[in-house]
Each structure stands twice: as structure tokens, then as C-alpha cells.
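If you want the building blocks of each chain, they are given just below.
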Amino acid sequence: MWALWRAWGRARRGAGGAMADTGAAASTAARPPRRPRDVPRHVWARERRRSAGTGLAAPNTVYAQVVAAGGRDAGAAVYVFSEFNRYLFNCGEGTQRAMQEHKLKISHLDSIFLSRVAWANVGGLPGMILTLKAMGLQRCVFLGPPKLQNYLKAIRQFPGPLKRMDLAVQLHTEPEYKDETMTVHQIPLAGKPQAAESILPQSPGASTQGGNSPRGDAGPGSPRAAQQSLEKGKEKESPKETGAEQKCASRHPDLVMAFLCKIHPRKGKFLAAKAQEMGLPVGTPAIFPIITALKNGESITFEGKELFPEELCAPGDPGPVFIVLECPHEGFVDAVCDNETFRRYQEGHPEHQVALIIHMTPEAVLRDSRYQQWLQRFGPGTQHLVLNENSSAVHNPRSYKIQTQLNLIHPEIFPLLSTYQSKEEEAVCSVPIVRGECLLKYHFRPQQEWQRDAVTVCDRDAFVSEALDLPDFQDRVKECKESLAAVPGNVSAYPEIVFLGTGSAIPMKIRNVSSTLVNTSSTRSLLLDCGEGTFGQLCRHYGEQVDRMLCNIAAVFVSHMHTDHHSGLLHILMERRKAFAALGQTFSPLFLVAPEQIMPWLNEYHNHCEEILRDIRMIPSQSLVKGCENIRPKAKGFVSSLLESYDLDEFQTCEVQHCKNAFACSVIHKSGWKVVYSGDTMPCMALVRMGKNATLLIHEATLEDGMEKEAIEKTHSTTSQAIQTGMKMGAEFIMLNHFSQRYAKIPLFSEDFSEKVGIAFDHMRVRFSDFQTIPKLIPPLKALFADDIVEMEERKEKRELRLLKETALILEKLSAGENKEAPKRKQVKNHEELANKKLKSVN
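One structure accompanies this document, and this report is about it.

Thresholds, definitions, all that
Residues numbered from 1 in each chain as written. Predicted model: local features only at pLDDT ≥ 70, side-chain atom pairs only at ≥ 80, totals over all residues. Heavy atoms only, no water. Axes fitted to C-alpha atoms, helices over the stretch in contact; angles between N-to-C directions. Helix = DSSP H or I, 4+ residues; strand = E, 2+ residues; numbered from the N terminus. Parallel < 35°, antiparallel > 145°, perpendicular 65-115°, else oblique. Contact = heavy atoms within 4.5 Å. Nonpolar A, V, L, I, M, F, W, Y, C, P; charged D, E, K, R; others polar. Core = buried A, V, L, I, M, F, W, Y, C linked by side-chain atoms within 4.5 Å. Buried < 20%, exposed > 50% of the residue type's maximum accessible area, 1.4 Å probe, protein only. Phe/Tyr/Trp six-rings, centres within 6.5 Å; stacked < 30°, edge-to-face > 60°. Lys NZ or Arg CZ within 6 Å of the ring centre and 35° of its normal. Pairing = 2+ DSSP bridges. Right-handed = clockwise from strand over helix to strand, strands pointing away. Salt bridge = Lys/Arg side-chain N within 4 Å of Asp/Glu carboxyl O. Polar contact = N/O pair within 3.5 Å; in protein donor to acceptor, adjacent residues only side chain to side chain.

### Comments concerning the packing of helix α16 (residues 397-409) against helix α18 (residues 473-483)
The packing of two helices is summarised by the inter-axis angle and the distance between the axes. Here α16 crosses α18 at 50°, and the two axes come no closer than 9 Å. Classed by the angle they form, the pair α16 and α18 counts as oblique. Of the residues in α18, those touching α16 at Gln 405, Leu 408 and Ile 409 are Phe 473, Val 477 and Lys 481. Tallied by class, the residues present in the contact of α16 with α18 amount to four nonpolar, one polar and one charged.

Structure below.
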């Protein structure tokens, strides 16, 4: 051993001498290469670890954390952290928003695992992928069932960066996934379809297609059985099938993927104090090879005495195992219970002890006696975490906080938020289970334990107290209320506008992305745009009345094909279908007024993922432009039905100046009122003409005044541009929305603000009778958000100062260039004169 150490020391000294001889040049050459600017820091660090040969060193800290606890408004999603890697299991709508709010770093995600291709699991992926792309990540690895490839192909129909990003899929038929933190085995489970499944899904996002459980030697849930199920699905594609039927048959049978994750074992800690007692050279370089040998399980001889690893090292950690399992309905219970891989982990072997099972499982499955027996077989050492619709966890406390404080200003315009409470009775389980809460953690390392210190709480009293302590806030609220006239008793409750999402680009903690609900009567509602998380916003606004509101929505207008304006549509369709069944009402398809370019995406999803086309009646936006004569007879019939359904005189669109095929819309009610919605646009005369004499204009105001150049580059409007558009059309009132997320709470006020202008907030409820009230809310709003306004004004001043400096620098360069040109021209003239003199002298 000592000979080995001496040789190692000599080699090190020799290398040191060589380094000294080479001087500064060698020192420069030995520096590690610098990180390229377009490579994220964590990706660069990981590649350097791998190249140094430490790619599979076991992490010291690993935990699983609940991002979404399974509630109807949020779905189920789990974040797994180690110091080397980050993972996400399922990514429904709202996952990105929750991660942004709770500072779970999206940019560090290595892989995303999808248990099933159902919208409840994958609805947040388009927005998440766009965010990863914007953060510099060029590639992302997805693991899940075969339908996942179809889904990723379908979302490439969206315009923009999604078409260019490398989206790699690793299926269960490929080798296990392995990185610096853990090894993941995918376990395919093929379930039996339920009788009611062809009409309605049983759990959020459940597919209307189900693969029959395979028979024969292979047991349900085994890889071979899943493969047989896939082959049966292909055999069903009869040559007689044509058109849509043939395409629908190309959907893979409904496979669920469970994930068995084994964290890499960690070597035992070297006991330095004990080693010092035994006379080992602790604190000197000589100890390093000794530590290495002992940690590798080798015995050493020191001063004639043999020392063993167990004497000087704490016991190693063999590597905890955890399972992420979705069992969407009772048809999958047999596949779970009879799976051979799970059985190996129920036999009591120490190396197969499961630390935690995360169950994304409805109450009906938890009550099933077969499932309960399966849980028991894991033994008392296994923890069970349940994520399902019975969770009433609050995932966006900042949104609740802001709304509670705004409610102090005007309770009717800013109603308090609610939570959806499932009516299903909780199952009584034969083993202890833990119900999911947002940000609940289970630590695998350093020691296995639950941690609740980060769990979100929603303390309304604290929110109120914080607002009342703000300088001038109470005075401004009191003055505002005193200035408001009493509301006459005969004021109509409709139309009523509810702003569900007033931010742009990506969902953030205060403002969700675009969506506005227009309630034209107590039984009819129109949705203007439908960004990611729209259904979650409806749940938080209407609580247990959400099913009634879903049935009221008879039409959705999608302004254009940017993801933040339509990626919540499929969730609305699926939850609406459930709502009709829950209320015992006859189902009717929804009118979809949208650019016809939305259809390739909807067709692709319908043909290869889940059935949705029966839920819509398509009306191309192009066909509602004034003077359009090429409307198809079928669409013409849909337009007549739409007008009749809402008691409208007119539903008109016009093309606006944003991206290609971007539209605004105008609706005129038979009672005379007119609401105009701009969608995304620069100042646009076609919009002004269509919106002439509008009762209400809802116009985007993405950027503040002074950012006109950026507005042109991004084809959006500034605050004053939006107001001027409203003034030109003679609108009675203008509501500004679609604010850049740089104005998270409140935008900067421009000089054009008047008694005809209001600022939209998420969950704000506006009636025409509120037009006189809304401008009077500005003083208390300024008091509530005083610190934010000061910060934004400081940023604006810095930006203006920077622009002045840049302008001065440009002018200085131009001036210097002109000064250099003058002597140069004089010098050229002198050379010419000299040449002429020489020529004359030669002659």
C-alpha cells in the first residue's frame, strides 16, 4: 500500500516539476475551457463531470417534491431534485406556473417522464418546452408510452421554436434510463377499457381509447403483454377502414407507464475521528489513497496491522428505490397487481426495499380490495403518497394573496377566490397513506423523512393585515368608497366580463396567460382566447359551480395560433364533456371560431392521441371577415346556430397586425351592446373600423410607453397606442390587458389614462355599470402596489438613460467619422497636385 502511495507521490512531484519548467504558457494551457455562451451553466457542469470520469458519483441530497397535488384545477406532477439532476414526472396545465412561483428551476430540468398521454398529464408541455428553448436548452429527453411520440409530433404543428427543438423520446422497449443520480426502468401497463369509457373519461384526461388486456402466457402489465397489446391495436386497422376511422385506428392502445427509480448507491462516510485514534495520518496527503481504498471496500495494511472498511467507514447507502405509478381507473388494477417487476419488490429483500410509492390514483381505485392488498405486500417500510382530485391544496398562493387584497378595494369587482372540493368520499386504506399537498417533500437522502416546511398555506388574515399596514392604503380605499355613487337596483347583471388571464407569453404567479370569459346571460358564456391554465382559473373563480359554467360555454374564439392563446382549449373540451355528464345534461358540441390553421393540430391529436373532434363545430375566423363570400355551407349553418344561441345580431372578425392569420372579433347583441376584443395586435385601422362605437373594447397593452420600438419588433401595442385605438373607434370604455410579465402586478400608467380606461387583473369581474367606478380604483391600486410602481419607474429611468448614452455615442462616432474624412480628402487633393507638378516637370 505504502509503495503505491510513494509511487503516486513521485508521479505527482514529477508532474509538478514539469509544470514549473513550462512556465506561464503551460499554466495557461492547463486552464479548463471556458463555457460557451449558448450552453446553460448546469449543462456545462454536467458535461465536465462526465468527462472527468465522475459521471455516476452518487448524489448526497435527493428528494421528491409535489408540484401539483392532483386537484381538479392543477392535476398531478412531481419534481425530483438531486445536486446533479432535476426531473419532472408529468406536466399538466399550470405546472410551469407553479414551478415559476415556487422557484423550482425549470432551466435545470434534464428529463420529463410522462406516465400517460392524456391531456391532464401533457397539457403543460408545449409551454414548458418553449420556456426551456428560450433558456438555451437545445435538447430535452422525454420518457413515456408510445403515444408520446405522436403527441410531440402533433405539437410541432404550433408555429415557432417548437418546430426546431430536438425532442428525444426514450420508449420502454429501449434500455433503462441512467444518469448521475439514478437508473429508471419503465414498466408498461395495459388496462381493460371500461364500458363508459367510450363516452366519457373517468379520470381527468382519461383516453376514450383503451387496449384490451392481453391473454396468454405473458401476465398483464409485463413488457411482452404490452407489446401484444400494441400489435392487437395495429391488427385492428382493417383495410376496409377509410378516412377518419382509419386514422383513429392508428392510435396506440392506451398504455400507462410506471417508473421504477433506483438512486445510485453511496459509499459509506470515512470515520476520520476513529482513524485518528488508530494512528492513521489524518490531515496529511497520505490519507487520501487510504480513504479511496477503504471506500472501495478494500482492506489495507498499516504498520503491520490489517484494517477493514467496516472498521473505518460508516455503512454505505445501497440506494433507495421509489415508484411513480398512475392507475387511472379500475381497468388497470389487474395489470398493476399482477406485474412481475413489482412482485420482486414485494418479497422483502433488503436490496429491493421500496422507500416511496407515488400513487396518481383516483379514490375508486384506492377503495378496490385488489389494490389495497397490493399496497400491503410492500410492507411497513414503504411510504405511500396519493395525488388525486380529492386534494384541495392551493398551488398559487400569490394569486390568492393579490385577490384578497384587491377585494378590500371593491368586493364585487374583485371577488374572493374559491377552491374546488371534490364530492367523492375519501377511501379508507389498509395501510397508512399521505395525501398530497403542494411543495410537500419526501427526502431520500441524507435520510428518509417527510418535510412539510415548504408546504403552501393560504392565510387570508395575514394577506389582509399586510395590505392594511401599507402607507396610505386605508385612506385611499376610504376615499374611493366615499366617491362611488350608490348602484341603482335595476342595473342589469349581464353582460359580465370575467378576466381569467391577463398576462402574455408564459403563465406567471400573478397573471395567467390570455383568456377572457364573457357571460352574455345566466346560461350562456363566450370564451375569448383560451391559454394554458384557463380551466384551472375557472375552478378557482367559480369553485363548485365550475361544471355549470362549463356547460354555459357554447363557443370559444381563438385569436391566433401562438401557444399562450389556445393551449388550454383541449382541457376545456374534456372537462366540459365531463360536466355535461355530471349534471345529467344532454351534451352539445362547442362552436370553435379560430384560424383554420388550428385544424392540423387538432386532427393530429385526435388521430393519434385522444378523441376530441366530436366536441367541436369549426367556424374559420376567415369566414367571418366582413365581405367574405367563400364561407362553406356547413360553417354558415354553424354561424346561424351560434348567433341564435347567444341572441346576437352579429359575430364579426377582422385580420389584425400581429402574426400571420391573427384576428380580432366583435360581437353585437340584439339588445344593442357591442364588445370588441383585439387579440394581439399593433395599432390597426381594420380593428378601428370593425369596432366603431363599441360599448367595450378589450385591447392588449403588452408594453409601456417609451417602448414603441420593441412593440414594433414584437408586433404588439403600448399602453397609449391601445387607448388611442379605443378613442379612434369611439369606444365607450377601454379595458387594457395582455400585459408583459415584466409588469407582474400592475403596468405603468400613461398620460393617456382617463375616466374611460381600466386595467384588467386576473379574476376581475366587470359589468357595464362599473365603467364609472373602475377609473376611481386607480388611487387605491397605486397605494397597494406603490413599491412595484417605484421599481418600474426606476427601471424606466435607467433604460431611458442608457438609450441617451447610446444615442450620444452614435452621434459622437458619426461626428468623428466626418472629422477624419475632411483631412483625408485634403490629403488626397495634395497628392493629386504633387503628381500633376511632377508630370509637368517631366514634360
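Now that the structure is up, let's keep going.
### Side note on the nonpolar core
If you look at the biggest cluster of nonpolar residues, it comprises 81 residues, and the most contacted ones within it are Leu 406, Phe 651, Leu 687, Met 735, Leu 736, Phe 761 and Met 764. The greatest single-element share of this core, amounting to five residues, is contributed by helix α24 (residues 633-646). Setting aside its immediate chain neighbours within four residues, Leu 406 contacts Phe 414, Phe 761, Leu 781, Leu 784 and Phe 785. Within the second largest apolar cluster, 75 residues are counted, among which are Cys 91, Tyr 151, Tyr 420 and Phe 580.

### Quick word on the packing of helix α19 (residues 534-542) against helix α22 (residues 569-583)
Contact pair α19 / α22: the axes reach a minimum separation of 8 Å and the direction vectors enclose 50°. On the basis of their axis angle, the class for α19 and α22 is oblique. Counted together, Thr 534, Phe 535 and Leu 538 of α19 and His 571, Ile 572 and Glu 575 of α22 form the full contact between these two elements.

### Concerning the packing of aromatic side chains
The geometry of an aromatic ring pair is captured by the separation of the ring centres together with the interplanar angle, meaning the angle of the planes. By the definition in use, this model includes 29 aromatic pairs. Aromatic side chains Trp 673 and Phe 768 sit 6.1 Å apart centroid to centroid with 80° between the ring planes, which places their arrangement in the edge-to-face category. One end of the pair, Trp 673, is in the loop between β25 (663-669) and β26 (674-677); the other, Phe 768, is in the loop between β30 (764-767) and α28 (778-784), with 95 residues separating them in the sequence. Following the ring pairs from residue to residue traces out a cluster consisting of Tyr 87, Phe 89, Phe 113, Tyr 177, Phe 259, Phe 322, Tyr 442, Phe 444 and Trp 450. It is Arg 511 that lies over the ring of Phe 761; its NZ or CZ is 5.0 Å from the centre.

### Focus: unusual backbone geometry
With an omega of 5°, the peptide bond running from Arg 445 to Pro 446 counts as cis. Within the secondary structure layout, Pro 446 lies in the loop between β16 (441-445) and β17 (449-451). The phi torsion at Thr 715 lies on the positive side, around 50°, for a residue other than glycine. Mapped onto the elements, Thr 715 comes out in the loop between α26 (708-714) and α27 (719-729). Look at His 763: it is not a glycine, yet its phi comes out positive at around 70°. Structurally, His 763 is set in the loop between β29 (757-759) and β30. Judged by its relative accessible area of 0%, His 763 falls in the buried class.

### Digging into the pairing of strand β4 (residues 109-113)
With five of five residues buried, β4 lies mostly within the body of the structure. Here four bridges tie strand β3 (residues 86-89) to β4, and the two strands are oriented parallel to one another. Each bridged residue has a counterpart across the sheet, and for Tyr 87 the counterpart in β4 is Ser 111. As a crossover connection, the stretch from β3 through helix α3 (residues 95-101) into β4 is right-handed.

### Points about the sheet that holds strand β20 (residues 525-530)
The strand order across the open sheet formed by seven strands is β23-β22-β21-β20-β19-β18-β30, and the pairing between neighbours is mixed. In the strand order of this sheet, the two ends are held by β23 (616-620) and β30, each with one partner. Ignoring strand direction, the axes of neighbouring strands in this sheet form an average angle of 20°. Sheet analysis places strand β21 (residues 553-557) next to strand β22 (residues 590-594), joined by three bridges and oriented parallel. Bridging from a neighbouring strand, Val 556 pairs with Leu 592 of β22. With respect to the sheet, α19 is in contact with β18 (496-501), β19 (515-519), β20 and β21, its orientation differing from that of β18 by roughly 125°.

### Structural notes on the pattern of salt bridges
Inspection of the entire model under this criterion finds 28 salt bridges. The residue Glu 466 makes a salt bridge to Lys 401 at a minimum N-O spacing of 2.9 Å. Separated by 65 residues along the polypeptide, Glu 466 in helix α17 (residues 460-468) and Lys 401 in helix α16 bring together distant segments of the chain. Owing to a relative accessible area of 40%, Glu 466 belongs among the partly exposed residues under this scheme. Each of Arg 72, Glu 389, Asp 547, Glu 575 and Lys 578 takes part in salt bridges that share partners, so that together they form one network.

### Some details on the sheet that holds β16
Strand pairing in a sheet relies on backbone hydrogen bonds, with the paired strands running either antiparallel or parallel. Here we have eight strands laid out as an open sheet, ordered β6-β5-β4-β3-β2-β1-β16-β17, and mixed in their pairing. The open sheet is flanked by β6 (166-170) and β17, the only strands paired with a single partner. Neighbouring strand axes in the sheet, compared pairwise and without regard to direction, differ in orientation by 25° on average. Bridge analysis of strand β2 (residues 76-82) against β3 gives four bridges, and the strand direction is antiparallel. Across the sheet, the residue bridging to Val 78 is Phe 89, located in β3. On the sheet, helix α6 (residues 147-155) packs against β5 (139-143) and β6 and is oriented at approximately 170° with respect to β6.

### What about the pairing of β20?
In terms of burial, β20 is a largely internal element, six of the six residues being buried. When β19 meets β20, the two strands line up antiparallel, connected through five bridges. Bridge pairing in β20 places Ser 515 opposite Cys 530. Counting the residues between successive antiparallel strands, the hairpin from β19 to β20 contains five residues. Relative to β21, β20 runs parallel, the two being bridged by four bridges. From the neighbouring strand, Leu 528 faces β21, where its bridge partner is Phe 557.

### Digging into the side chain of Thr 681
As for its position among the elements, Thr 681 is in the loop between β26 and α25 (685-690). Take Thr 681: its relative accessible area is 0%, and that puts it in the buried class. Among the polar contacts listed, one links the side chain of Thr 681 to the backbone nitrogen of Gln 657, at a separation of 3.3 Å. Those residues in contact with Thr 681 that lie beyond four places of it in its chain are Val 656, Gln 657, His 658, Leu 687, His 699, Glu 700, Thr 715, His 716 and Ser 717.

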